[in-house]
Structure formats: structure tokens, C-alpha cells
Amino acid sequence: MDTLSQLKSELETEYQTTKKFIDLFPEGKNEYAPHEKSMKMMPLATHLVEVFEWPNTIIATSELDFAKGAYQPTKLSTKEELLKKLDDSYQAGKQALENAKEDDLTPSWTIKNDGHALASWSKYGAIRHGLNQITHHRAQLGVYYRLNNIPLPGSYGPSADNPTF
């Protein structure tokens, strides 16, 4: 089985679907959140587009320790910035998968906080987790859009707003 080709194909499909959502990002709603415990719309969308880079980080490293400052969330403020970050992140993730070998997916990769392991997977499992995060956060963004009367594009089939898919 050519796992890398499958991961690359799935990353591309998720990119195309996510791009439709980001194209609809509403200016003036950066601070919108449906609940006080919810992430605001712009940070949520920014996180979503950042995840496309994860295959690059995962393949190139063995861990991410939040306490060591290796990851700092990007701060964006416009739809154009979101679209550029999505494209840049996707290209980095895609390039990493194109340059990797199947054996590069076997070693473990761990998320830590101050040395304490929070989660650990094979690098393949970590990339799969990243792909799941894309789906999860795009669905969250879809709820935010729905609550703001923004028509939703289809994701894996038609939506109520796009029945022809």
C-alpha cells in the first residue's frame, strides 16, 4: 500500500473543501463566537488553515513541546491572510509528504507540555490525527457560518445551501 500517496490525496481533498469555506469567511466577524467558552471565529479559522502544515512538522520532528515555545499560534485578521496561510500551509504539508519515504511514517511523534507526554502516535497516526482535526475544525466553522446565515458549501456531499454539490 502506498500510504504517502493516500495521505497526499486526502490532504488535497481537504484543502479543496476547506478553501471553499475560507472563501466565504465573513469580514467583520473575526470576534464572533457562539458561546463564551467557544473560540472566536478568526482564531478558529486560522488554526484550521495552520493544520495543513502539520505533516511537515510531524515528519521533520519527533515531538512538539508547548512549554518550550516551539509552537506559537499565527495571528491573522483578513480573509486574504487566511487564504494565503491556507495555501502556504498546504504546500508545506504536501511537499513534506512528497519528499517522505514510507519508513518515515513509522517512528513515534509526541505532543508534550513541559516534558509531560499529552499524546503519542506513530508519525502516520499523528498525520491522520491532523487530517481529523481539519474535518473537526471545519465543521465547527460551519456551525459559526450557519449561525450567521452564511450559506454552507458541500463538504463530503451536498449541503442544504448547495444541494447539487
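Residues numbered from 1 in each chain as written. Predicted model: local features only at pLDDT ≥ 70, side-chain atom pairs only at ≥ 80, totals over all residues. Heavy atoms only, no water.

1. Considerations on empty space enclosed by the protein
Consideration 1: Applying the stated criterion to the full structure yields one cavity of 30 Å³ or more.
Consideration 2: Looking at the largest cavity, its volume works out to about 30 Å³.
Consideration 3: Surrounding the largest cavity, Leu11, Val51, Phe52, Trp54, Pro55, Ile58, Ala126, Ile127, Gly130, Leu131 and Ile134 form its lining.
Consideration 4: Of all elements in the fold, only helix H3 (54–60) and helix H5 (123–147) reach the threshold of two or more residues within the lining of the largest cavity.
Consideration 5: Its residues assigned to classes, the lining of the largest cavity shows 10 nonpolar, one polar and no charged. (1 Å grid on protein atoms, 1.4 Å probe; cavity = no way out; pocket = protein on both sides within 12 Å on 5 of 7 lines; lining within 4 Å. Points joined across faces, edges and corners; volume = space filled by probe spheres on them. Helix = DSSP H or I, 4+ residues; strand = E, 2+ residues; numbered from the N terminus. Nonpolar A, V, L, I, M, F, W, Y, C, P; charged D, E, K, R; others polar.)

2. Looking at helix H2 (residues 41–50)
Consideration 1: When you tally the buried positions in H2, you get nine out of 10 residues, the bulk of the element.
Consideration 2: Along H2, the residues classified as buried are Met41, Met42, Leu44, Ala45, Thr46, His47, Leu48, Val49 and Glu50.
Consideration 3: In this structure, the buried side of H2 is in contact with helix H1 (3–23), H3, helix H4 (79–99) and H5. (Buried < 20%, exposed > 50% of the residue type's maximum accessible area, 1.4 Å probe, protein only. Contact = heavy atoms within 4.5 Å.)

3. A word on the pattern of salt bridges
Consideration 1: Counted by the stated rule, this structure contains seven salt bridges.
Consideration 2: One salt bridge in this structure joins Lys19 and Asp23, with 3.7 Å as the shortest N-O distance. Here Asp23 and Lys19 lie together in helix H1, a separation of four residues that amounts to about one turn.
Consideration 3: Accessibility expressed as a relative area gives 26% for Lys19, which makes it partly exposed.
Consideration 4: Its salt-bridge partner being Arg146, residue Asp161 comes within 2.7 Å of it at the nearest N-O pair. With Asp161 in the segment after H5 and Arg146 in helix H5, this pair connects stretches of sequence that are 15 residues apart.
Consideration 5: What makes Asp161 partly exposed here is its relative accessible area of 37%.
Consideration 6: For Arg146, a relative accessible area of 35% translates into the label partly exposed. (Salt bridge = Lys/Arg side-chain N within 4 Å of Asp/Glu carboxyl O.)

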